[in-house]
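Analysis of the macromolecular model
For reference, the chains in residue letters:
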Amino acid sequence: MIKTVIRLPNNTVFVFDAEGEQIPGYQGQYEAVKSRVLEDAPRDTLFQHVLISGHQLCPVSREEW
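Structural notes, computed from the coordinates. (Residues numbered from 1 in each chain as written. Predicted model: local features only at pLDDT ≥ 70, side-chain atom pairs only at ≥ 80, totals over all residues. Heavy atoms only, no water.)

Tallying each qualifying case throughout the model produces two aromatic pairs. Taking the centre distance of 5.0 Å and the plane angle of 70° together, the rings of Tyr-30 and Trp-65 count as edge-to-face. Here Trp-65 lies in the segment after strand E5 (57-60) and Tyr-30 lies in helix H1 (residues 30-40), a separation of 35 residues in the sequence. Aromatic ring contacts, followed pair by pair, group Tyr-30, Phe-47 and Trp-65 into a single cluster. Over the face of the ring belonging to Tyr-30 we find Arg-7, whose NZ or CZ atom lies 3.5 Å from the ring centre. (Phe/Tyr/Trp six-rings, centres within 6.5 Å; stacked < 30°, edge-to-face > 60°. Helix = DSSP H or I, 4+ residues; strand = E, 2+ residues; numbered from the N terminus. Lys NZ or Arg CZ within 6 Å of the ring centre and 35° of its normal.)

See the structure below:
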């Protein structure tokens, strides 16, 4: 089950389950995986962006993601 979704500045998406394991079927370029991730992610999923100015994670809303 999807727990955390991270979008990098280059639009690469990484997806993790509750144990911190990657879920490869949801990962890839943002435009290619966006609809699948949003469709399957539970309401409590943490969506994040990596800030360009550093390697900090910034939580964002599902709609912003």
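So, next bit.
A few words on the sheet that holds strand E2 (residues 12-16). Pairing is mixed across the open sheet formed by five strands, whose spatial order is E3-E2-E1-E4-E5. Looking at the sheet topology across the chains shown, the edges are occupied by strand E3 (28-29) and E5. Summarising the sheet, strand E1 (residues 4-7) and E2 pair through four bridges and their orientation is antiparallel. Of the residues in E2, the one forming a bridge with Ile-6 is Phe-14. (Pairing = 2+ DSSP bridges.)

For H1, the set of buried residues is Tyr-30, Val-33 and Val-37. Buried residues in H1, looked at end-on, bunch into an arc of 85°, giving them a common side. Exposed side chains of H1 directed beyond 90 degrees from the buried face belong to Glu-31, Ala-32, Ser-35 and Glu-39. Its buried side turned inward, H1 meets E1, E2, E3 and strand E4 (46-50). (Buried < 20%, exposed > 50% of the residue type's maximum accessible area, 1.4 Å probe, protein only. Arc of directions from axis to C-beta. Contact = heavy atoms within 4.5 Å.)

This part covers the side chain of Gln-48. Tracing the backbone shows Gln-48 in strand E4. Assessed through its relative accessible area of 10%, Gln-48 is described here as buried. Leave out the neighbours within four places in its chain, and Gln-48 touches Thr-4, Val-5, Ile-6, Arg-7, Leu-57, Cys-58, Pro-59, Val-60 and Trp-65.

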